[in-house]
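Tertiary structure, described
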Amino acid sequence: SAVISQKPSRDICQRGTSLTIQCQVDSQVTMMFWYRQQPGQSLTLIATANQGSEATYESGFVIDKFPISRPNLTFSTLTVSNMSPEDSSIYLCSAERYRGIANYGYTFGSGTRLTVV
Amino acid sequence: AQTVTQSQPEMSVQEAETVTLSCTYDTSESDYYLFWYKQPPSRQMILVIRQEAYKQQNATENRFSVNFQKAAKSFSLKISDSQLGDAAMYFCAYRSAQTTGAGSYQLTFGKGTKLSVIP
């Protein structure tokens, strides 16, 4: 099963700046997912990142605000751009796990707690 | 679009007792996957149990088992012999078995149930 290393684990940033979150997977995965989670609440999908193509964004999220890179099958980054206090949240990356060709759940990074001041 | 509903925002259980967390979902698909994830305060999302919709047999993993009622679109999680380490947020999630089209591969989460374990 894939293991994901996500960094930074937390950061405090000034409004108007940008932060790039990195996720490194220990095996090749086709799809990676980026989520946002307010403390105590559920996960909201930001975008799906497929290697070799542009990320697909969910309603309410745009590429200019959350650019994503997926340069290879083991790595992805999410940038939170021109941050405001409303961007304060937990950001998680995820990759799908397989047993053979069947889905076997998803592995998640440990999350990045972002505070914008 | 699929929706997942967890009607219990919070639950508590005495240590060593059994607790059941509820989950219902809405879908027009016949083949899909269902999951329960645990998220302790460390934020790490941990897969608890997985169920394939075409399998009638309920999945079990040690102290964790599910009651999967496909016709009722219900997928409850039973935790037996509850331990202090079971205290966490529990999320029910749905994934279509489709591999093409919009929404493929994505997880749809419920709002979560916060489980407290009382010593």
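Residues numbered from 1 in each chain as written. Chains lettered and ligands numbered in written order. Predicted model: local features only at pLDDT ≥ 70, side-chain atom pairs only at ≥ 80, totals over all residues. Heavy atoms only, no water.

1. A few points about the overall build of chain A
If you tally the helices and strands in chain A, you get zero helices and eleven strands. Reading the secondary structure of chain A in the N-to-C direction produces β-β-β-β-β-β-β-β-β-β-β. In summary, chain A has a C-alpha radius of gyration of 14 Å against a globular reference of 13 Å for 117 residues, a match within 12%. Looking at chain A as a whole, 49% of its 117 residues are labelled buried. Long-range pairs, those at least 24 residues apart, make up 52% of the contacts in chain A with a sequence separation of at least 6. Total accessible area on chain A is roughly 5,500 Å²; 48% of this is exposed by carbon and sulfur atoms. (Helix = DSSP H or I, 4+ residues; strand = E, 2+ residues; numbered from the N terminus. Rg over C-alpha atoms; globule rule 2.2 N^0.38 Å. Buried < 20%, exposed > 50% of the residue type's maximum accessible area, 1.4 Å probe, protein only. Contact = heavy atoms within 4.5 Å. Areas by Shrake-Rupley, 256 points an atom, 1.4 Å probe, with all protein chains shown as cover.)

2. Topic: the interface of chain A and chain B
On the chain B side, the residues contacting the 29 residues of chain A number 19 residues. For the pair chain A and chain B, the two sides together bury roughly 1,900 Å², of which 52% comes from carbon and sulfur. For chain A, the biggest contributors to the area lost against chain B are N103, Y106 and F108 of chain A; these three give 28% of the whole. Counting across the chain A and chain B interface gives one salt bridge. Measuring nitrogen to oxygen at the nearest pair gives 2.5 Å for the salt bridge that ties R95 of chain B to E96 of chain A. Remark: the boundary between chain A and chain B carries ten residue pairs in polar contact (both at pLDDT 80 or more). (Buried area = accessible area lost by both parts, 1.4 Å probe. Salt bridge = Lys/Arg side-chain N within 4 Å of Asp/Glu carboxyl O. Polar contact = N/O pair within 3.5 Å; in protein donor to acceptor, adjacent residues only side chain to side chain.)

3. Here we look at the pairing of strand β8 (residues 75–80) of chain A
Residue and element names in this part refer to chain A. For β8, the buried fraction is high: six of the six residues fall into the buried class. Burial along β8 is two-sided: F75, T77 and T79 and S76, L78 and V80, pointing in opposite directions, are all buried. Sheet analysis places strand β3 (residues 19–25) next to β8, joined by six bridges and oriented antiparallel. The residue bridging L19 from the neighbouring strand is V80, located in β8. (Pairing = 2+ DSSP bridges.)

4. Concerning the state of the cysteines
Per the counting criterion, the structure on display carries two disulfides over all chains. The cysteine C13 of chain A is free of any disulfide, with C23 of chain A supplying the nearest cysteine sulfur at 16 Å. (Disulfide = S-S within 2.5 Å.)

5. A short note on unusual backbone geometry
Each neighbour pair has its own omega, and for K7 of chain A with P8 of chain A the value is 0°, a cis peptide bond. By the secondary structure assignment, P8 of chain A is in the loop between β1 (4–7) and β2 (10–13). The phi dihedral of R43 of chain B falls on the positive side, at around 80°, and the residue is not glycine. As for its placement among the helices and strands, R43 of chain B is situated in the loop between β5 (32–39) and β6 (46–52). With phi around 55°, N62 of chain B is a residue other than glycine that occupies positive phi space.

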